[in-house]
Amino acid sequence: LPARAAVALQRALSGLRLWTLPVAVLAVLRIALVDRFPPTHALVNDVYLHVSYFGLFVVGAALARGPAPWPRFDAVRWISLALALAAWLLMIAAPALREAIGAGGVRLLARTGFAAMQWCAVLAALGFAHRHWNHDFAWRRTLTEAVFPVYVVHQSLLIGLAVALAPLALRPSGEGPWLVLAT
């Protein structure tokens, strides 16, 4: 059953639907849930993030069970990266459009842009990883063992830095590069 579901999911994510379907689902989740259940990053009772991340986990697990999707991700890595960057720029530009599209339009545009950036960045990362890291090398065992500890340190640094920068009320275009460089 999982293998058949994976094949069906890969078929459903063919062509342009590789981008549009996941972005639409993530955008609907963000639009519908983020105001009602704001992210808390708590282990329990973080409805919006748990729904979003669990959904992405299920998609990833299903894709991994079927025929290897990695060559396809590799083939679309540059397009996905360009779309992720365009979506990030859309998120940054959205507040400047307040007069033209209203506060609700800005919120809708920014949340849809976030969903597009989220999914397209994942596709780009998977494609570039498949292209450049899908081979054995001397450090692979060490790096494999280091993934979880590095993730824990990275997450702790990211949250600590985000909390430290919060009083500055920086725009995403100002705060984002600092967070990326520091973590």
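One can find the structure itself at the top, above this paragraph.
No experiment lies behind these values; they were computed from the predicted model shown. (Residues numbered from 1 in each chain as written. Predicted model: local features only at pLDDT ≥ 70, side-chain atom pairs only at ≥ 80, totals over all residues. Heavy atoms only, no water.)

K.L.:
If you had to explain the packing of helix α3 (residues 47-65) against helix α6 (residues 98-133) to someone new, which residues and values would you point to?
P.N.:
α6 packs onto α3 with a crossing angle of 35° between their chain directions and a minimal axis gap of 13 Å. Remark: the crossing between α3 and α6 carries right-handed chirality. On α6, the residues touching Tyr 48, Tyr 53, Leu 56 and Val 59 of α3 are Phe 114, Gln 118 and Trp 119. The residue inventory of the contact of α3 with α6, partitioned by class, reads six nonpolar, one polar and no charged. (Axes fitted to C-alpha atoms, helices over the stretch in contact; angles between N-to-C directions. Helix = DSSP H or I, 4+ residues; strand = E, 2+ residues; numbered from the N terminus. Left-handed = near helix turned anticlockwise from the far one by under 90°. Contact = heavy atoms within 4.5 Å. Nonpolar A, V, L, I, M, F, W, Y, C, P; charged D, E, K, R; others polar.)

K.L.:
Explain helix α7 (residues 140-165) residue by residue, including any values.
P.N.:
Helix length check: α7, at 26 residues, gives a terminal C-alpha distance of 35 Å against a target of 38 Å (1.5 Å per residue), a fit within 8%. The sharpest bend along α7 comes to roughly 45°, located at Val 147, with the proline Pro 149 sitting one to four residues further on. (Expected span 1.5 Å × (residues − 1). Bend = angle between axes of the 7 residues up to and from the residue.)

K.L.:
Describe the pattern of salt bridges, with residues and values.
P.N.:
Per the stated rule, a full pass over the model turns up three salt bridges. A salt bridge links Arg 111 to Asp 35; the shortest N-O distance between them is 2.7 Å. Taken together, the residues span a long stretch of sequence, with Arg 111 in helix α6 and Asp 35 in the loop between α2 (17-33) and α3 at a distance of 76 residues. Here Arg 131 and Asp 74 are joined by a salt bridge, their closest N and O atoms 3.1 Å apart. In this pair, Arg 131 sits in helix α6 while Asp 74 sits in helix α4 (residues 70-75), placing the two residues 57 residues apart along the sequence. Put simply, Asp 74, Arg 77 and Arg 131 are held in one network by salt bridges that share partners. (Salt bridge = Lys/Arg side-chain N within 4 Å of Asp/Glu carboxyl O.)

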